[in-house]
Amino acid sequence: MKLSKRIEGVEYSAIRKLTPYVDRAKKDGKKLYELNIGAPDIDVPDIYYDTFQKIKKGPLPYAYAQGISELREATANYYKKRNINFDADDIYITNGASEAILFTFQVIADEGDAVLTTDPFYTNYMTVFEQLGVELNVFKTDPDKGFALPEEKEIEKHITDKTVAILLSNPTNPTGALYSEGEIIRIVNLAKKYDLFIIADEVYREFVYDGNNYKSFGEVGGIEENLILIDSISKRFGACGARIGSVASKNKAFNDGINKLCNCRLAAPTIEQMAAAKLYEIDKSYFEEVNKEYQKRRDVIYEELISIPGVKVKKPKGAFYVMPKLPVDDTEKFAIWMIENFDIDGETLVFAPAKGFFKNKEEGKQMIRLAFILNTDALKKSMKILKEGIKAYVSENE
Ligand SMILES: Cc1ncc(COP(=O)(O)O)c(C=O)c1O
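Residue positions are given per chain, counted from 1 along the sequence in the order it is written. Given that the model is predicted, a residue must reach a pLDDT of at least 70 before its local features are reported, and side-chain atom pairs must reach 80 or more before they are shown or counted; all residues, however, enter totals for whole chains, interfaces and linings. With hydrogens and water set aside, each side-chain value is computed from the structure's full complement of heavy atoms.

Re the packing of aromatic side chains
Working step 1: Classification of ring pairs rests on two measures: the distance between centres of Phe, Tyr or Trp rings, Trp counted by its six-membered ring, which must be within 6.5 Å, and the angle between planes, read as stacked under 30 degrees, edge-to-face over 60 and tilted in between. Applying the stated criterion across every chain, the model contains 25 aromatic pairs.
Working step 2: Ring geometry for tyrosine 204 against tyrosine 321: centres 5.5 Å apart, planes inclined by 85°, an arrangement best described as edge-to-face. A residue pair is termed long-range when its members are at least 10 positions apart, and tyrosine 204 in the loop between strand E6 (197-201) and strand E7 (227-232) and tyrosine 321 in strand E9 (residues 321-322) qualify at 117 residues. With respect to burial, tyrosine 204 and tyrosine 321 carry one shared label: buried.
Working step 3: Ring geometry for phenylalanine 334 versus tryptophan 337: centroids 6.2 Å apart, planes at 20°, classification stacked. With phenylalanine 334 and tryptophan 337 both in helix H13 (residues 331-341) and three residues apart, the pair spans about one turn of that helix.
Working step 4: A residue is classified by how much of its surface remains accessible, and tryptophan 337, at 9% relative accessible area, is buried.
Working step 5: Among the aromatic residues, ring-to-ring pairing joins Tyr78, Tyr79, Phe86, Phe237, Tyr280, Tyr286 and Phe287 into one connected group.
Working step 6: Lysine NZ or arginine CZ positioned within 6 Å of the ring centre and within 35 degrees of the ring normal marks a charge as sitting over the ring. Here the guanidinium or amino end of arginine 297 rests over the ring plane of tyrosine 294, the centre of that ring lying 5.1 Å away. The numbering of helices and of strands both runs from the N terminus, where a helix is a DSSP run of H or I of at least 4 residues and a strand a run of E of at least 2. Only protein chains enter the accessibility calculation, which uses a 1.4 Å probe. A residue is then buried if its area is under 20% of the maximum for its type, exposed if over 50%, and partly exposed in between.

Some details on the domain arrangement of the chain
When the parts come together, some accessible area is lost, and that loss is often what is quoted as the size of the interface.
Working step 1: You can read the domains of the chain as domain 1 (5-43 + 285-396) and domain 2 (46-282).
Working step 2: Domain extents, as shown, originate in an automatic or database domain assignment. Using only C-alpha atoms to locate each centre, domain 1 and domain 2 end up separated by 25 Å.
Working step 3: Contacts are assigned to residue pairs with any non-hydrogen atoms lying within 4.5 Å of each other. Listed per partner, the contact involves 36 residues of domain 1 and 37 residues of domain 2.
Working step 4: Computed with a 1.4 Å rolling probe, the buried area is the accessible surface lost when two parts are put together, summed over both parts. Summing both sides of the interface, domain 1 and domain 2 together bury roughly 3,200 Å²; the carbon and sulfur share of this comes to 59%.
Working step 5: The rule for a salt bridge is simple: a side-chain nitrogen of Lys or Arg has to be within 4 Å of a carboxyl oxygen of Asp or Glu. Counting the contacts that link domain 1 with domain 2 gives three salt bridges.
Working step 6: For the salt bridge of aspartate 144 with lysine 312, the shortest nitrogen-to-oxygen distance reads 3.8 Å.
Working step 7: Of all the elements in the fold, those that place two or more residues in the side of domain 1 that touches domain 2 are helix H12 (284-306) and E9.
Working step 8: Partitioning the side of domain 1 that touches domain 2 into residue classes produces 19 nonpolar, seven polar and ten charged. Each residue is assigned to one class: nonpolar for Ala, Val, Leu, Ile, Met, Phe, Trp, Tyr, Cys and Pro, charged for Asp, Glu, Lys and Arg, and polar for all the others, Gly among them.

Notes on the nonpolar core
Nonpolar side chains tend toward joint burial in soluble globular proteins.
Working step 1: Each nonpolar core is a collection of buried residues, namely Ala, Val, Leu, Ile, Met, Phe, Trp, Tyr and Cys, held together in the definition by side-chain atoms within 4.5 Å. Counting 137 residues, the largest nonpolar core has Phe105, Phe217, Ile233, Leu305, Phe334 and Leu386 as the members making the most contacts within it.
Working step 2: The element contributing the most residues to this core is H12, with eight residues.
Working step 3: When residues are assigned to domains, this core turns out to be shared by domain 1 (5-43 + 285-396) and domain 2 (46-282), each giving three or more.
Working step 4: Filtering out sequence-adjacent residues up to four positions away, leucine 305 remains in contact with Val311, Val313, Val322, Pro324, Leu370, Met383 and Leu386.

So this is what it looks like as structure tokens:
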């Protein structure tokens, strides 16, 4: 028996590679601060769980393939409040943003086509492209400039006759960059000029700090045919396990393609969709509270990081990630060494080596991605572990 060439071409992410080491350390009784995965520790609002308590027992039918109308209506209302113009009919509910992303590229890209995105980028985009035989093209975002987008001319250089779309996560996983209206417009101009899709992955839309404005691609006029908007409740409501996301577009041909894929996988989970509809009705004040907490965490982790000798980092403006450069040769080796050989009172730290987020793995070799998804005390402890760990690792390897 043989497996497909398609699956042979798919690599495990650098994050996943650490799992066996983590499992072993846990078995050995080590306590790990796991800042390697972006799964928030914030409670899902009660209103979500209330739905489950009210469910009448009996058969549990498939939901409508496009998604239940209550959830699509609630999503459209949430968008309207943010000047994002989508109607319930433009929205398709998926099993998390992950399925929305996979479906999107199944619909818009053939084998050999290319998609342009930032470098570094969210590592699972690569997995999707590897499955579909789509080429990943990148333009660099500079760590010294907080991973801001380069000028339009620089981005344009990477567009070829194979390019079908520009893909952006904003605010960004893995860097915490937040793109300004001016940066968004660069992408809009290029998409219009070259007739490209814009895939706007806005799952971190509500995580914006320092009172900065957020400009969604959905607020920009004149790109109705180009825009594909990805959304999810995973991060926004700390509900990663619900597996509810969506894809929205005004492009009828694209929506017809998505509809075929939704029909062929039958449905997203019924009760989770009912519960998610309630989340989309939540008042803005919920996000203000959650943002305050994440901003506090961002400030703590940033202040701790800049106090570590040899660490270079800019303050992230959104999402809950930060990507510092460390004074070590290879952060994957360092990550494993930390899990296996280092602890303070039985506690150590797990982070994501950044090379998996770069097209050219060499470029991310000295960087790591940290997710500030634990409380401030845990973050302070984990940064102390990082500081001492770097000191010990550097002196051991000198
Ligand atoms: C940028 C980005 N897009 C999409 C996803 C996938 O989210 P979901 O849990 O909705 O599948 C993630 C998860 O980490 C993400 O960081």
